[in-house]
Amino acid sequence: MPWTASDIPDQSGRTALITGANSGLGLETARELTQKGARVFLACRSLEKAKAAQATLAATAQAELIPLALDLADLNSVRRAIDQVRAKAQALDLLINNAGVMAPPRQLSAQGLELQFAVNHLGHFALTQGLLPLLDQRSGSRVVHVSSGAAYFGRIAFADLQGEQRYDAWGAYAQSKLANLMTAFALQEQLQRRGSKTQSLVAHPGLARTNLQPTSVAARGSRLEGLAYRLMDPLFQSAAMGALPQLYAATAAEAEPMAFYGPGGAGNLKGYPSRCRIAKQALNTESRERLWQISAELSEAALGN
Ligand SMILES: NC(=O)c1ccc[n+]([C@@H]2O[C@H](COP(=O)([O-])OP(=O)(O)OC[C@H]3O[C@@H](n4cnc5c(N)ncnc54)[C@H](OP(=O)(O)O)[C@@H]3O)[C@@H](O)[C@H]2O)c1
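Side note on empty space enclosed by the protein
The tally for this structure, following the rule as stated, stands at 3 cavities of 30 Å³ or more. Its volume calculated, the largest cavity comes out at about 50 Å³. In terms of lining residues, the largest cavity is bounded by Asn97, Asn120, His121, His124, Phe125, His145, Val146, Asn180 and Thr183. For the lining of the largest cavity, the secondary-structure elements that each account for two or more residues are α4 (115–135), β5 (142–146) and α5 (169–193).

Shown next as structure tokens:
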């Protein structure tokens, strides 16, 4: 039997935070969790977008929806969001690191880092560090990292992490999504070492129709890519289907850390949640620790911890 949204256990009394909750997979994830009774922080790039998501979900929400401004491209915004969550919640059951940007022309974050590294990886790294004390309060709490099939093609360019010498938009995307997978495993190892009851899991959506592709095409101004997506449309599934692997990682009793969940169909592009092959680059413990160390140093200054 495939695992579907109707298998999500009751979430009453639980609190979740979802990044990028105003669009695509994040919005679908928020919709399902709040329908099952979770109180959800809708963390979006601006408060206006978070409030719009709140209005979209209000009719079916079974618990409180809390709009939260979080710009992952600015570690100061991450720090402010952490403070606001700490002020409003004693504990957190789920942190879903979902937001992302795909293959824009080279841009820099507020701290001068390459945008995809900053948003997809480092902002989430810092957010997670800041919210771990709240997650620690709850037995069975989970951090879910949203990676991509692009992780299979990823390489962490340690000598040029920010693409200063050579920037390839897709290479930087794959790097950031591999970083999500590596961070999920590295975090799980750290949590386990200190006997934490929080777990770190990771999923990818396959190919899902969201704003990710149109935003990417618009940013690059590539009509050819726009055409390619139109031709590839039959390969894509709905955003609701694409959100299932991360919902599975977040809520299924049988979902485990140190695994990679994605759609179970051909090529893991669509279908119901299933275990996928782990990108071999993510199995290198030394690289995981190296990336962790660099990320901790880069986020430390802004977060002051
Ligand atoms: N769709 C797919 O086929 C696919 C495949 C593999 C992996 N993924 C991953 O799935 C995740 C969700 O993407 P999606 O497909 O749902 O795309 P989406 O509809 O474009 O949603 C992306 C979300 O991330 C937010 N975001 C972007 N930059 C941000 C920033 N600086 N600060 C805070 N939030 C920011 C966006 O906010 P705005 O609305 O303000 O832009 C939006 O809410 C991403 O991590 C993506 O890499 C998607």
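Quick notes on the pairing of strand β6 (residues 199–203)
Looking down a regular strand, the side chains alternate between one sheet face and the other. Of all the 5 residues making up β6, 4 are buried; the element is thus mostly covered by neighbouring parts of the structure. Strand direction decides the pairing type here: β5 and β6, joined by 5 bridges, are parallel. The residue bridging arginine 142 from the neighbouring strand is glutamine 199, located in β6. Crossover β5 to β6 through α5 is right-handed.

Some points on a nonpolar patch on the surface
Taken together, the side chains of Leu224, Leu227 and Leu231 present a nonpolar region at the surface, about 340 Å² in accessible area. Tracing the chain through its elements places leucine 227 in helix α7 (residues 223–232). On the basis of relative accessibility, which here comes to 39%, the residue leucine 227 falls in the partly exposed class.

Considerations on the packing of helix α6 (residues 212–220) against α7
Direction vectors running N to C along α6 and α7 enclose 160°, while the axes themselves pass 8 Å from each other. The angle between α6 and α7 falls in the class roughly antiparallel. In terms of crossing hand, the pair formed by α6 and α7 is left-handed. Only Glu225, Gly226 and Tyr229 of α7 make contact with α6, whose side of the interface consists of Gln213, Ser216, Val217 and Arg220. Partitioning the contact of α6 with α7 into residue classes produces 2 nonpolar, 3 polar and 2 charged.

Cut-off values and rules
Residues numbered from 1 in each chain as written. Predicted model: local features only at pLDDT ≥ 70, side-chain atom pairs only at ≥ 80, totals over all residues. Heavy atoms only, no water. 1 Å grid on protein atoms, 1.4 Å probe; cavity = no way out; pocket = protein on both sides within 12 Å on 5 of 7 lines; lining within 4 Å. Points joined across faces, edges and corners; volume = space filled by probe spheres on them. Helix = DSSP H or I, 4+ residues; strand = E, 2+ residues; numbered from the N terminus. Buried < 20%, exposed > 50% of the residue type's maximum accessible area, 1.4 Å probe, protein only. Pairing = 2+ DSSP bridges. Right-handed = clockwise from strand over helix to strand, strands pointing away. Patch = residues over 30% accessible without salt bridge, like charges linked within 9 Å, V, L, I, M, F, W, Y side chains within 5 Å. Areas by Shrake-Rupley, 256 points an atom, 1.4 Å probe, with all protein chains shown as cover. Salt bridge = Lys/Arg side-chain N within 4 Å of Asp/Glu carboxyl O. Axes fitted to C-alpha atoms, helices over the stretch in contact; angles between N-to-C directions. Parallel < 35°, antiparallel > 145°, perpendicular 65-115°, else oblique. Left-handed = near helix turned anticlockwise from the far one by under 90°. Contact = heavy atoms within 4.5 Å. Nonpolar A, V, L, I, M, F, W, Y, C, P; charged D, E, K, R; others polar.

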